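# Report on the structure
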Amino acid sequence: MNNDYATRIQNYSNGSYQDPASNQWIDNYEPSSGKIYGDIPNSNANDIEEAVAFAKAAFSSWSQTTIEQRSRILLKIADGIEARLQQLAEAESRDNGKPIGLAKSVDIPRAASNFRFFGNAITQFASESHESIGLNAINFTLRKPIGVVGCISPWNLPLYLFTWKIAPAIAAGNCVIAKPSEVTPMTAYLLGEICTEAGLPPGVLNIIHGLGTTTGQAILEHPEIKAISFTGGTKTGEHLARTCAPMFKKLSLELGGKNPNLIFADCDYEHMLETTLRSSFANQGQICLCGSRIFVERSIYKKFKSDFVSRVKQLVVDHPSSTKANLGALVSKQHLEKVQSYIALTKTKGQGTILCGGNRIIIKGYEEGYYLEPTVIEVPSNTCTLNQEEIFGPVVTLMPFDTEEEVLSYANDVTYGLSSTLWTKDIDRTMRISNQLQAGIVWVNTWMMRDLRTPFGGVKASGVGREGGFEALRFFTESKNVCIKYS
Ligand code: NAD
């Protein structure tokens, strides 16, 4: 491993760090300054081939380790992450542009929790038994690890989502080929050393870096990688499904969102306002669960609009290392330009009125950094592009509504169905609306409150399958029914 983690990143394969076979490298940018600060491998099919061979070799013994041994190693990895909280948080903040405080309080602690949770969950994972009464037979289900599996993750919550996949995969006895986003590879790189120190045998986890079109594609196409857990954009998810379906790979797809935030007049107003600021702009709005479409009951619409806009104007956009920063930099120049192109629709297509924000921010000393004002746009209808397409940045839209039926139709009239947030004190309404929202997750009077045992995932274009708790352990195992007839 390189001592200076701010320069060259290497693959972690068979328990040690190595250069890619092709010796091809990609620039790694620092979003806060817009400058290149290192490089990462652009691994190809040869690197994946080699990693799969290591993983296959490790599988025969890893799949036979006792649950206690596996659990102990996962818990040690969790401890290792916690012991390096500061280093990992700094690395995440620098690589992604997110405020250091957020990386330190959310991203890195959650990465540790992922390993701790699945290290414990595997000790409680049981399979079913079905007695065939009257037939003198008993069926029991064996749950076997799949073998070599792939984990591909995005840039918005880098170590958080990377470990959310790896932890259940190895807990269940699989060996993993994992690819973090090429945009945010740093903490995945550092994880290798932590795993080695925790005693994870070589080959159980292989972290291979590179572009989606080279490294990622080689993972999809490798015939020995039997299951892939993917989090990323819906378009990429479609491509994955198209490539992997003919090979009959097991797929878990966690994709994009365009989540509605339904605010009724009877809610706890202050709590709602405070939480809606977070659900709109946390991580620069780059969380798949952010409530990007805000619908407010007409009787409080004017008040909400004025209060919300004045609170948004107070949010501080600053260098991610600043403890005052509410928002840091967006992840890349390309992404900043994409978000700006949506804001521009207000001018070019008359798609709404900017109530605040909308402009790039120049921070002294970091003039090329990717900073953008948190932006609130009042839209005339739910059918406009701003309300239909995922922007994935610090941009939210506002619209009033009059009735439950009306707001439900807005909420559901979108191709996505990941999460939704509902603000009301009325329990009957809570039940009516929760039942009808087309989403994998409904938060009522809260946002992003996570219990790792619960099923996590989306419907419609937001994905296929569920992560979390035993759902993830089921995904990473193949079930086999054994039927025994007795006399
Ligand atoms: P992306 O789809 O561009 O990339 C995700 C990962 O896929 C990266 O590692 C990338 O290198 C890889 N990839 C790209 N092309 C590939 C290919 N041909 N074969 C294999 N791998 C390939 O997504 P992104 O821009 O990194 O992330 C943002 C998206 O992720 C947003 O749409 C967001 O909503 C979504 N997301 C969803 C969830 C969820 O839980 N549903 C969570 C976080 C982010």
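Summarised in this report is the structure supplied together with it. Bear in mind that the values here come from a model prediction, so they are computed numbers and not experimental data.

### Points about the packing of aromatic side chains
- For the coordinates displayed, the defined rule picks out eleven aromatic pairs.
- Ring geometry for phenylalanine 281 against phenylalanine 308: centres 6.4 Å apart, planes inclined by 15 degrees, an arrangement best described as stacked. Of this pair, phenylalanine 281 sits in helix α9 (residues 269–281) while phenylalanine 308 sits in helix α10 (residues 298–314); the two residues are 27 residues apart in sequence, bridging distant segments of the chain.
- Ring geometry for phenylalanine 304 versus phenylalanine 308: centroids 5.0 Å apart, planes at 15 degrees, classification stacked. Of this pair, phenylalanine 304 and phenylalanine 308 both sit in helix α10, four residues apart, which is roughly one turn of the helix.
- Connected via pairs of aromatic rings, a cluster forms that spans Tyr12, Tyr17 and Tyr189.
- Its end group placed over the ring of tryptophan 25, arginine 8 keeps NZ or CZ at 3.5 Å from the ring centre.
- Lying across the ring of phenylalanine 475, lysine 250 places its NZ or CZ 5.3 Å from the centre.

### As for a nonpolar patch on the surface
- Together, Phe140, Leu142 and Ile484 make up a nonpolar patch on the protein surface, roughly 210 Å² of accessible area in all.
- The topology assignment puts phenylalanine 140 in strand β6 (residues 137–145).
- Among the residues examined, phenylalanine 140 registers a relative accessible area of 30% and is labelled partly exposed.

### Comments concerning the site of the ligand
- The local shell around the ligand holds 29 residues, among which Lys179, Glu182, Thr236, Leu255 and Glu390 are the closest.
- At a separation of 2.8 Å, an oxygen atom of the ligand approaches a polar side-chain atom of tryptophan 155.
- Relative to its unbound accessible area of 840 Å², the ligand is 89% covered by the protein chains.
- The set of elements that each furnish at least two residues to the shell around the ligand consists of α7 (212–221), β10 (225–231) and α8 (234–244).
- Among the elements that take part in the shell around the ligand, α7 stands out by supplying four residues, more than any other.
- Looking at the shell around the ligand residue by residue, the classes come out as twelve nonpolar, 13 polar and four charged.

### Description of the environment of glutamate 389
- As for its position among the elements, glutamate 389 is in the loop between α13 (385–388) and β18 (395–401).
- For glutamate 389, a relative accessible area of 36% translates into the label partly exposed.
- C-alpha separation for the pair glutamate 389 and lysine 258, spaced 131 residues apart in sequence, amounts to 6.9 Å.
- Beyond its immediate sequence surroundings of up to four residues, glutamate 389 is in contact with Lys258 and Tyr342.
- A distance of 2.5 Å separates polar atoms of two side chains, one belonging to glutamate 389 and the other to tyrosine 342.

### Let's talk about the pairing of β18
- By the criterion of burial, β18 is predominantly enclosed, with seven of the seven residues buried.
- The pairing of strand β13 (residues 293–297) with β18 spans five bridges and is classified as parallel. Bridge pairing links glutamate 297 to phenylalanine 401 in β18.
- Pairing analysis gives four bridges linking strand β17 (residues 375–378) to β18, with the strands arranged parallel.

### A word on the packing of helix α3 (residues 85–96) against helix α6 (residues 186–197)
- In contact at an axis separation of 8 Å, α3 and α6 are set at 155 degrees when each is read in the N-to-C sense. As summarised for this structure, α3 and α6 are arranged roughly antiparallel, according to the angle between their axes. Where α3 abuts α6, its residues Gln87, Leu88, Ala91, Glu92 and Asp95 lie against Met186, Thr187, Leu190 and Ile194.

### Brief notes about the sheet that holds strand β20 (residues 441–444)
- If you walk across this open sheet you meet the seven strands as β14-β17-β18-β13-β12-β19-β20, and the pairing is mixed. Strand pairing shows two members of the sheet lacking a second neighbour, β14 (353–356) and β20, which therefore form its edges. Strand after strand, the sheet turns through a mean of 25 degrees between neighbouring axes, direction not considered.

### A look at the sheet that holds β6
- With antiparallel pairing, the three strands of this open sheet are ordered in space as β5-β6-β22. A single partner strand is all that each edge strand has here, and the edge strands are β5 (129–132) and β22 (477–485). This sheet shows a mean twist of 20 degrees between the axes of neighbouring strands, independent of strand direction.
- The pairing of β5 with β6 spans four bridges and is antiparallel. Bridged to serine 132 within β6 is alanine 137.

### Observations concerning the pairing of β6
- Linkage of β5 to β6, two consecutive antiparallel strands, is achieved through a turn of four residues, within which glycine 134 is found at a positive phi near 85 degrees.
- Sheet analysis places β6 next to β22, joined by nine bridges and oriented antiparallel. Paired with asparagine 139 across the strands is cysteine 483, a residue of β22.

The rules we used
Residues numbered from 1 in each chain as written. Predicted model: local features only at pLDDT ≥ 70, side-chain atom pairs only at ≥ 80, totals over all residues. Heavy atoms only, no water. Phe/Tyr/Trp six-rings, centres within 6.5 Å; stacked < 30°, edge-to-face > 60°. Helix = DSSP H or I, 4+ residues; strand = E, 2+ residues; numbered from the N terminus. Lys NZ or Arg CZ within 6 Å of the ring centre and 35° of its normal. Patch = residues over 30% accessible without salt bridge, like charges linked within 9 Å, V, L, I, M, F, W, Y side chains within 5 Å. Areas by Shrake-Rupley, 256 points an atom, 1.4 Å probe, with all protein chains shown as cover. Salt bridge = Lys/Arg side-chain N within 4 Å of Asp/Glu carboxyl O. Buried < 20%, exposed > 50% of the residue type's maximum accessible area, 1.4 Å probe, protein only. Near = heavy atom within 4 Å. Polar contact = N/O pair within 3.5 Å; in protein donor to acceptor, adjacent residues only side chain to side chain. Nonpolar A, V, L, I, M, F, W, Y, C, P; charged D, E, K, R; others polar. Contact = heavy atoms within 4.5 Å. Pairing = 2+ DSSP bridges. Axes fitted to C-alpha atoms, helices over the stretch in contact; angles between N-to-C directions. Parallel < 35°, antiparallel > 145°, perpendicular 65-115°, else oblique.

Structural measurements only, silent on function.
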